[in-house]
Amino acid sequence: MSSKDDNKNLPENVSVVLGEPIGVSDGVVSVSNEEGEGESKSTTRIPDELPILPLRESVVFPGTIVPLKVMRDKVQRVLDAAIAGSRIVCAVPQRDGDTEDPTLDDLYRVGTACAILKLVRLDDGSETIIVHGLARVGIVDIKQTLPYWIAAVKTRQDEVTASTELDALVHSIRQSAHRVIELSPNVPDEAAAVIDTIESPGALADFLAANLPLDLVQRQEILETFSVEDRLRKVNEAVARQIEILEVSQKIQSQVRDRMDKSQREYYLREQLKAIQQELGLADARSTEVEKLRERIKEAKMPEPVEKQADREVERLESIPQASPEYSVSLEYVNWLCSLPWSVQTTDRINLKRAAQILNEDHYGLDKVKKRILEFLAVRHLRPDGKGPILCFSGPPGVGKTSLGKSIARAMNRKFIRIALGGTRDEADIRGHRRTYIGAMPGRIIQEIRKAEANNPVFMLDEVDKLGADFRGDPASALLEVLDPAQNATFTDRYLDVPFDLSNVFFVATANYMDAIPSPLRDRMEIIRLTGYTHREKVQIAKRYLVPRQLEQTGLEKAGVKFDEQALREIVAKYTLEAGVRELDRRISALCRARAKAIVEGSRRSRRVSAASLAKDLGPPIHESDVAAAEAMPGVVTGLAFTPVGGEILFVEARRMPGSGQLKMTGQIGDVMRESAQAAHSLIRHHARKWKITNKELQTSDIHIHVPAGAIPKDGPSAGVAMFMALASMLANRAVPATTGMTGEITLRGAILPVGGVREKVLAAHRAGLTRIILPQRNMRDLTEIPDDIRKQIEFMPVKTIDGLLKAAFAPPRSKKRKSTASTKKKKTKKKTAKPTPRKSTPKKTAKK
């Protein structure tokens, strides 16, 4: 047996009649006579036992006439028996309509006693029965299972107690039903008359439940509600939900209809306007806009594939209504294509003498870097169409990497553009977004090229080592195509979806720390390293650039404010500790602001900035020479470290205490540095007899190695020499001079291996006041990078083995005259009685020793 909701399976020659249900009294049902239209009535008794008719996805309510399609043989046997007998069956819904042969557990326990009114045979050979719901019945017991079910049933009649609340429910549900009919265009107006003629409250609830679009569970729940008042409340809720759905649907349809009417009206009027304008020889606004776009496409002198793409987009634009969102997307895309400098270039004016003059005007020192830039410009002069390398300036903050890019652009007579890549995590920032996304736009590369209005600018990629990566992609990988001279001639932005030639762009990258750059990207660039400035260079930079700029920015260029050179030396030595000059610039700015305040207040204070006046404006000195204030002691040596922001000095301390021969290391040191300490300890134990150290002395003592500034991570192999000397100094009870620094890697055979970052380490040693540095023999060739004035002030001692290291470290330092600095001009104080505290180093990032 199968039946869908209401009229879905109703044959063409059968109609459903919904009318007043028959009265029920003690199992006797009053049935209207078909021929007398209800005027004469006969009574039908509902038997106590009825054959069960299982229904699929359908519920028959009392008082309703429903067509049911016969689909199963077992159901056919039920119908044959019922037609031969009382013509009454118990229609019970299945819990799952897909069950072909349901059991008793697959059926609900409440159904409807139905009279079979008619059996209709259709043209396709199928059969449909029309049943009339008589009354609710509950299954009491199963009397027969084969060949079909027969159940003992109990008829449930409606018990109605008149009350004001019941009348109110009936009135409310009638009004709601009328509202549903008004909102439902497919329901005939006669349905309202039928509702008004139903007087029984229970019959009214059943009638509405049978006609509302409810699912099987909701219908069965109403069928199983025997209380008339509760049944009315549930039906009232269902009617209210239906009203809300119909009202929202009507509102949506009204809005759609209005928009369609408006669009059709606009289209009709637009076509009329176009026809009128054509008759008058005038053009409409869209035609004018399209013509302007075509003219811009010709003026842009795009490559042929790009021009074809632009023409196709313009043709598409003509067929899109202006009110459509696609119109603005296509229009913006064509505007981007037309605004890019496909064939616009600035003319290079490369003159090496002028370029050298510009570089010297803008930067002091950096001779090696300037030489490489001039070599590059010379090659560009000889072969303008050559594919030159991508330059990457690497060095600490504040050494002039970004300003070098501006100087190159000025020397070449090119536009200069810069993008900061620090913190960029989205690949779309480089390649752009596809046009399918709302708010899509090209990447930063194309955006900046558009702003430059030339396709050959000097393009600086600042802080390329600060690129990130997450679920949105890896920007560093996107830069591989941009920075490859063999590929960037066909760079394709995702938004443009056409190639743009970047081979004429002079890309310059900057970074603080090269290890953070992926190796494929690093391989595409030529690294030019910029190390920190010496004290002398900082003083010259302050005199030539920083002081005049700050005087101009603070309005003091005509106020007669002067800076003594000695004051600048004091600022560099005592108020700054950096590889670059940014902090120096801030200190000079503070002094200028103090003089500006005094001038505005009318103070008679001297307008000359001297060394004696620094403490009043800048406070007491912040940095003092660590070595000048230190006292040599056994077990403490000075090591040299390299950090991303320049060189640093770090103390290595070793102490011995009673124990069991264990080695303890602290100071947040990394694995490589820890292995260097273990190698140094093994060397000490191996040479113990040679150095007259007994095994008992080593076995009954614990050794603790500590590197101060414990909050800062430290790592690297170049700490091996310093750790070995700290252990040797402690065990020999001999102090290494406090003005001696050292660096190098040691091996278990006692060899001293070369290390990197020598220039930065030497500059840090010079800033700290060291006068002697112990270096691996093979690192002596790196001293050519050290400025001559610093090489003359520091004694360099090359070593190849630990024997030479011990001899050099314990040798008394030679007196070597240094130029006047804050560390060498300190006045001698009284005899020191307390041991000094090792300096707390404050490098910005992980120190690599």
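Residues numbered from 1 in each chain as written. Predicted model: local features only at pLDDT ≥ 70, side-chain atom pairs only at ≥ 80, totals over all residues. Heavy atoms only, no water.

1. So, the sheet that holds strand E12 (residues 458-462)
Here is step 1 of the chain: Across the sheet, which stays open at both edges, the five strands sit in the order E11-E12-E15-E10-E16 with parallel pairing between neighbours. Edge positions in the sheet fall to strand E11 (416-420) and strand E16 (525-529), since each has one partner strand and no second. Sheet twist, expressed as the average angle between the axes of neighbouring strands with direction ignored, equals 25°.
Here is step 2 of the chain: Two elements, strand E10 (residues 390-394) and E16, share five bridges in a ladder whose sense is parallel. Within E16, the residue paired with Leu391 across the bridge is Glu526.
Here is step 3 of the chain: On the sheet, helix H12 (residues 401-412) packs against E10, E11, E12 and strand E15 (506-511) and is oriented at approximately 175° with respect to E12. (Pairing = 2+ DSSP bridges. Helix = DSSP H or I, 4+ residues; strand = E, 2+ residues; numbered from the N terminus. Axes fitted to C-alpha atoms, helices over the stretch in contact; angles between N-to-C directions. Contact = heavy atoms within 4.5 Å.)

2. What about the confidence of the model for the chain?
Here is step 1 of the chain: Here the chain shows a mean pLDDT of 81. Residues at 70 or above account for 88%.
Here is step 2 of the chain: In this model residues 1-42 is a low-confidence stretch, pLDDT under 50, and it forms 98 contacts with partners more than four residues away in sequence or in other chains.
Here is step 3 of the chain: Across residues 816-849, where pLDDT falls below 50, the model places 87 contacts with residues more than four positions away in sequence or in other chains. (pLDDT = per-residue confidence, 0-100.)

3. Observations regarding the packing of aromatic side chains
Here is step 1 of the chain: Per the counting criterion, the structure on display carries five aromatic pairs.
Here is step 2 of the chain: Taking the centre distance of 5.9 Å and the plane angle of 65° together, the rings of Tyr333 and Tyr495 count as edge-to-face. Of this pair, Tyr333 sits in helix H9 (residues 325-339) while Tyr495 sits in the loop between strand E13 (491-492) and strand E14 (499-500), placing them 162 residues apart in sequence. With respect to burial, Tyr333 and Tyr495 carry one shared label: buried.
Here is step 3 of the chain: Measuring from centroid to centroid gives 5.0 Å for Trp342 and Phe500, while their planes differ by 55°, and the two rings are tilted. (Phe/Tyr/Trp six-rings, centres within 6.5 Å; stacked < 30°, edge-to-face > 60°. Buried < 20%, exposed > 50% of the residue type's maximum accessible area, 1.4 Å probe, protein only.)

4. As for unusual backbone geometry
What is expected of a backbone is that most residues other than glycine have negative phi and most peptide bonds are trans.
Here is step 1 of the chain: Of the consecutive residues Leu146 and Pro147, the connecting peptide bond is found in the cis state with omega at -5°.
Here is step 2 of the chain: Locating Pro147 in the fold gives a position in the loop between strand E8 (127-144) and strand E9 (150-156).
Here is step 3 of the chain: Of note, Glu463 is a non-glycine position whose phi angle comes to about 55°, a positive value.
Here is step 4 of the chain: For Glu463, the location among the structural elements is in the loop between E12 and helix H15 (475-482).
Here is step 5 of the chain: Although it is not a glycine, Asp497 sits at a positive phi angle of roughly 60°.
Here is step 6 of the chain: Inspection of the secondary structure assignment puts Asp497 in the loop between E13 and E14.
Here is step 7 of the chain: The exposed category is assigned to Asp497, whose relative accessible area is 52%.

5. Describing the pattern of salt bridges
Here is step 1 of the chain: Taken as a whole, this structure holds 41 salt bridges when the rule is applied.
Here is step 2 of the chain: For Glu221, the salt bridge identified is with Lys234, shortest N-O distance 3.3 Å. With Glu221 in helix H5 (residues 216-223) and Lys234 in helix H6 (residues 228-280), this residue pair connects regions lying 13 residues apart in the sequence.
Here is step 3 of the chain: A relative accessible area of 40% means that Glu221 is categorised as partly exposed.
Here is step 4 of the chain: Between Asp585 and Arg549 there is a salt bridge, with its nearest N and O atoms 3.0 Å apart. Taken together, the positions of Asp585 in helix H19 (residues 582-601) and Arg549 in helix H17 (residues 535-553) put the pair 36 residues apart, joining distant regions of the chain.
Here is step 5 of the chain: Taking the relative accessible area as the measure of exposure, Asp585 reaches 16% and is therefore buried.
Here is step 6 of the chain: A single network of salt bridges, built from pairs that share partners, joins Arg136, Asp158, Asp206 and Arg231. (Salt bridge = Lys/Arg side-chain N within 4 Å of Asp/Glu carboxyl O.)

6. Topic: empty space enclosed by the protein
Here is step 1 of the chain: Tallying each qualifying case throughout the model produces five cavities of 30 Å³ or more.
Here is step 2 of the chain: Here the largest cavity defines a volume of roughly 110 Å³.
Here is step 3 of the chain: Along its surface, the largest cavity is lined by 14 residues, and Arg380, Gly388, Ile390, Ser503 and Val505 are the ones closest to its centre.
Here is step 4 of the chain: When residues of the lining of the largest cavity are traced back to their parent elements, those giving at least two are helix H11 (367-382) and E15.
Here is step 5 of the chain: A per-class count over the lining of the largest cavity returns eight nonpolar, four polar and two charged.
Here is step 6 of the chain: Reported here for the second largest cavity is a volume of approximately 60 Å³.
Here is step 7 of the chain: Residue lining of the second largest cavity: Ile52, Pro54, Lys74, Val75, Val78, Pro102, Tyr148 and Trp149, and that is the complete set. (1 Å grid on protein atoms, 1.4 Å probe; cavity = no way out; pocket = protein on both sides within 12 Å on 5 of 7 lines; lining within 4 Å. Points joined across faces, edges and corners; volume = space filled by probe spheres on them. Nonpolar A, V, L, I, M, F, W, Y, C, P; charged D, E, K, R; others polar.)

7. Section: helix H2 (residues 164-183)
Here is step 1 of the chain: Given a rise of 1.5 Å per residue, 20 residues ought to cover 28 Å, and the 29 Å separating the end C-alpha atoms of H2 matches this to within 8%.
Here is step 2 of the chain: For H2, the full list of buried residues reads Leu166, Leu169, Val170, Ile173, Arg174, Ser176, Ala177, His178, Val180, Ile181 and Leu183. (Expected span 1.5 Å × (residues − 1).)

8. A closer look at the packing of helix H18 (residues 565-574) against H19
Here is step 1 of the chain: For the pair H18 and H19, interaxial distance at closest approach is 10 Å and the crossing angle is 130°. Overall, the two elements H18 and H19 adopt an arrangement that is oblique. With respect to the hand of their crossing, H18 and H19 are arranged in right-handed fashion. Contacts between H18 and H19 involve Leu568, Ile571 and Val572 from the first element and Leu584, Arg587, Ile588 and Leu591 from the second. (Parallel < 35°, antiparallel > 145°, perpendicular 65-115°, else oblique. Left-handed = near helix turned anticlockwise from the far one by under 90°.)

9. Quick look at the pairing of E10
Here is step 1 of the chain: The buried fraction of E10 amounts to five of the five residues, a majority that puts the element mostly inside the structure.
Here is step 2 of the chain: Along E10, one buried face is formed by Ile390, Cys392 and Ser394 and the opposite face, lined by Leu391 and Phe393, is buried too.
Here is step 3 of the chain: Looking at chain direction, E10 and E15 are connected through four bridges and run parallel. Paired with Ser394 across the two strands is Ala511, which belongs to E15.

10. Structural notes on the environment of Pro341
Here is step 1 of the chain: Mapping Pro341 onto the fold places it in the loop between H9 and helix H10 (352-362).
Here is step 2 of the chain: Take Pro341: its relative accessible area is 4%, and that puts it in the buried class.
Here is step 3 of the chain: In this structure, the C-alpha to C-alpha distance between Pro341 and Asn455, residues 114 residues apart in sequence, is 5.7 Å.
Here is step 4 of the chain: What Pro341 contacts, discounting residues up to four positions off in sequence, is Ile449, Arg450, Glu453, Ala454, Asn455 and Phe500.

11. So, the environment of Glu307
Here is step 1 of the chain: Positionally, Glu307 belongs in helix H8 (residues 304-319).
Here is step 2 of the chain: For Glu307, a relative accessible area of 28% puts it in the partly exposed group.
Here is step 3 of the chain: Linking Glu307 and Leu337, residues 30 residues apart in sequence, is a C-alpha distance of 8.8 Å.
Here is step 4 of the chain: When near neighbours in sequence (up to four residues on either side) are disregarded, Glu307 contacts Ile297 and Met302.

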